[in-house]
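This is what each chain is made of:
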Amino acid sequence: MDALEMLAKLLPEEQFEKIKAIDNPELHAFLAEWIEWLEPSRVFVCTDSEEDELYVRWKALYYGEEKVLETPNHTVHYDNYYDQARDKANTKLLVSGGKEIPFLNTMDRGEGLREIRELMKGVMKGKELFICFFVLGPKNSIFTIPAVQLTDSAYVAHSEFILYRKGYEEFKRLGRNARFFRFVHSAGELDERKTSKNLEKRRIYIDLEDETVYSVNTQYGGNTIGLKKLAFRLTIQKAVREGWLSEHMFLMRVNGPNGRKTYFTGAYPSMCGKTSTAMIPWENIVGDDLTFILPVNGIARGANVEKGVFGIIQGVNPEDDPIIWQVLHSPVEIIFSNVLVKDGKPYWSDMGIEIPDEGENHSGKWWKGKKDKEGNEIPPSHKNARFTVSLEHFPNVDLEALNNPCGVEIGGMIFGGRDADTWPPVREAFGWEHGVITMGASLESETTAATLGKEGVRAFNPMAILDFMSVPLGDYIRNYLEFGKKLRKTPKIFAVNYFLRENGKWLNHKLDKAVWLKWMELRVHGDVDAIETPIGYIPRYEDLKRLFKEVLNKDYTREDYEKQFTIRVPELLEKIERIEKIYRDKVKDVPEELFRVLEEERKRLLEARARHGDYISPFVLG
């Protein structure tokens with residue numbers, strides 16, 4: 001019996017006709033195998049129609065995975081109290097022979113597939129399976145990657161409709177030419193609160209050979225929304241294989257003089273200012289998280305992989321995040337997850353307004369001072385509580401760029417980390433190779449007291465992508481360097497650091513980043529000169545003084561400038577030592593260019609120290 005005949009037996013006629021309309025035997029075989037294996041009681045196939053999307057939204061409420069809130073189109077979803085974040089320990093890359101790759105959590109492919117199939121056998125009995133079609137990147141474009149999601153969670157399907165472009169018609173258009181990603185998810189058995197119950201059997205396995213992700217016994221979006229960080233592992237591998245970049249980067253438009261539009265990408269580890277940079281009110285957002293960058297006729301062109309935001313809500317407040325705040329208080333379609341709800345209204349920690357002393361949250365009925373079974377006090381909302389919303393609802397979205405099948409030309413790339421004492425607030429690389437190695441591949445971020453007991457420990461996180469890496473790090477960096485050689489015009493590379501301190505005091509204000517962006521935009525077009533230092537180009541005081549007045553209406557003093565842009569030679573040399581040691585000791589097959597470029601920077605710093613001392617004023621160099 002062929003796959004289509006099997007599907008005709010497994011599916012109601014109306015749903016079968018939707019699948020039959022896609023001429024792709026590979027898809028039919030995949031669906032037939034998994035529908036038979038999962039044993040759902042009902043199957044619904046989602047086309048691109050509004051009716052099918054509404055059906056999924058309704059089912060999320062009907063099955064109790066979401067509840068309505070007071071504001072129209074707002075719902076809340078709760079995950080199990082112990083299912084609130086990405087499960088790093090049980091997220092594994094399935095690799096033939098189970099070969100170990102430094103920094104990556106790998107497992108023998110055969111063993112992983114056997115285990116996941118066993119866990120998923122008949123897991124959807126009594127449940128409804130949703131088959132959803134999406135694309136990564138804009139539709140019908142050089143960026144498009146089709147994907148099919150199988151899930152028994154209407155919440156997961158609903159989230160993906162908000163976050164991704166519909167792909168049913170793309171599958172029909174591509175027919176047998178569709179090279180597609182596959183995602184199979186089951187929330188598993190649910191408890192009385194409609195959350196995943198068997199968390200000890202939670203598994204997220206990424207089969208790199210078959211480009212398939214399996215996820216079971218979990219509902220949290222980072223473990224289940226297949227097209228997000230799970231697909232990211234697949235796209236990184238695909239990009240390295242094919243010679244383009246799949247990056248953990250925002251994509252934004254910085255508005256220059258006389259209506260000029262310049263597009264930047266930016267990679268920052270968690271809690272380093274990525275979202276706040278992308279959301280500066282007078283600039284324009286294209287994407288907040290994931291970007292594909294392809295070489296097109298010698299130009300780097302970028303596109304947002306997604307069309308929505310799965311954002312951390314803790315700390316979102318009207319003063320620091322006016323745009324997100326406005327969106328969250330408008331009657332557009334939003335899923336809030338793991339927040340506090342009282343009288344139909346959502347509340348979250350550090351939102352800048354008074355929070356009720358009781359209500360419902362991810363722990364069930366909640367009151368101030370409530371503790372969990374480990375004796376920890378439960379906050380009003382989880383620190384990883386989220387909001388899921390489409391970008392089209394943001395007043396500062398650049399919709400033309402978001403939907404452009406050709407993407408946008410990338411003028412600059414920014415790498416940023418949390419660093420108390422080494423990097424200046426902004427600097428420009430000497431060129432592509434220098435920037436990739438000394439800024440991207442050397443990225444570190446200090447831990448905060450909120451995440452680990454010890455503050456200020458530097459965590460190595462090249463390109464802010466280490467958690468999602470699916471290829472050996474040496475191959476990934478080599479691909480970056482080779483990518484630059486394909487371009488006749490490489491984007492300028494910049495490094496930023498919003499976290500410099502002196503005697504415990506911040507040297508930057510939160511909004512100063514808006515000035516650094518304007519300076520970078522001018523540098524992309526050669527509108528201002530810069531001071532050459534051993535570590536790249538830094539701004540001249542006169543240019544920043546003018547920009548601070550124009551952008552923030554602030555006076556910028558020579559004293560502030562000198563403190564911020566002093567070249568801190570001892571700390572910079574220590575950093576080179578740390579980075580070089582990591583690449584020599586822990587990473588195989590590192591491109592030789594990396595060690596050469598680090599050595600050249602070391603020599604420049606030593607020569608500068610011999611002339612000017614350990615701490616070099618920018619006025620001395622300028």
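A.B. asks: Whenever I open this one, the nonpolar core confuses me. Can you help?
C.D. replies: Looking at soluble globular proteins, one finds that nonpolar side chains tend to be buried together. If you look at the biggest cluster of nonpolar residues, it comprises 167 residues, and the most contacted ones within it are F394, F415, Y476, Y480, W516, M520 and Y583. Excluding anything up to four places from it in sequence, F394 contacts M279, I285, V309, I323, I324, V327 and V389. L11, M120, L150 and F180 belong to the second largest nonpolar core, which has 36 residues in total.

A.B. asks: How should I be thinking about the environment of I582 in this particular structure?
C.D. replies: Following the sequence through the fold, I582 ends up in helix α18 (residues 569-586). Under the relative-accessibility criterion, I582 is labelled buried at 17%. Distance from I582 to F460, taken between C-alpha atoms, is 8.6 Å for residues 122 residues apart in sequence. If sequence neighbours within four positions are ignored, I582 has contacts with F103, F460 and V587.

A.B. asks: I tried to follow the pattern of salt bridges on my own but got confused; where do I start?
C.D. replies: It is possible for side chains bearing opposite charge to pair when their charged atoms get close. Enumeration according to the criterion identifies 64 salt bridges in this entry. Measuring nitrogen to oxygen at the nearest pair gives 2.8 Å for the salt bridge that ties E115 to R203. You can see E115 sitting in helix α5 (residues 109-120) and its partner R203 sitting in strand β10 (residues 203-207), a full 88 residues away along the chain. Linking R241 and E211 is a salt bridge whose minimum nitrogen-to-oxygen distance equals 3.3 Å. In this pair, R241 is assigned in helix α9 (residues 226-242) and E211 in the loop between β10 and β11 (212-216), connecting sequence segments 30 residues apart. Given a relative accessible area of 53%, R241 falls into the exposed group. The exposure class of E211 is buried, given its relative accessible area of 15%. Taken together, the shared-partner salt bridges in this structure form one network comprising K228, K229, K274, D289 and E306.

Rules used in this analysis
- Residues numbered from 1 in each chain as written.
- Predicted model: local features only at pLDDT ≥ 70, side-chain atom pairs only at ≥ 80, totals over all residues.
- Heavy atoms only, no water.
- Core = buried A, V, L, I, M, F, W, Y, C linked by side-chain atoms within 4.5 Å.
- Buried < 20%, exposed > 50% of the residue type's maximum accessible area, 1.4 Å probe, protein only.
- Contact = heavy atoms within 4.5 Å.
- Helix = DSSP H or I, 4+ residues; strand = E, 2+ residues; numbered from the N terminus.
- Salt bridge = Lys/Arg side-chain N within 4 Å of Asp/Glu carboxyl O.

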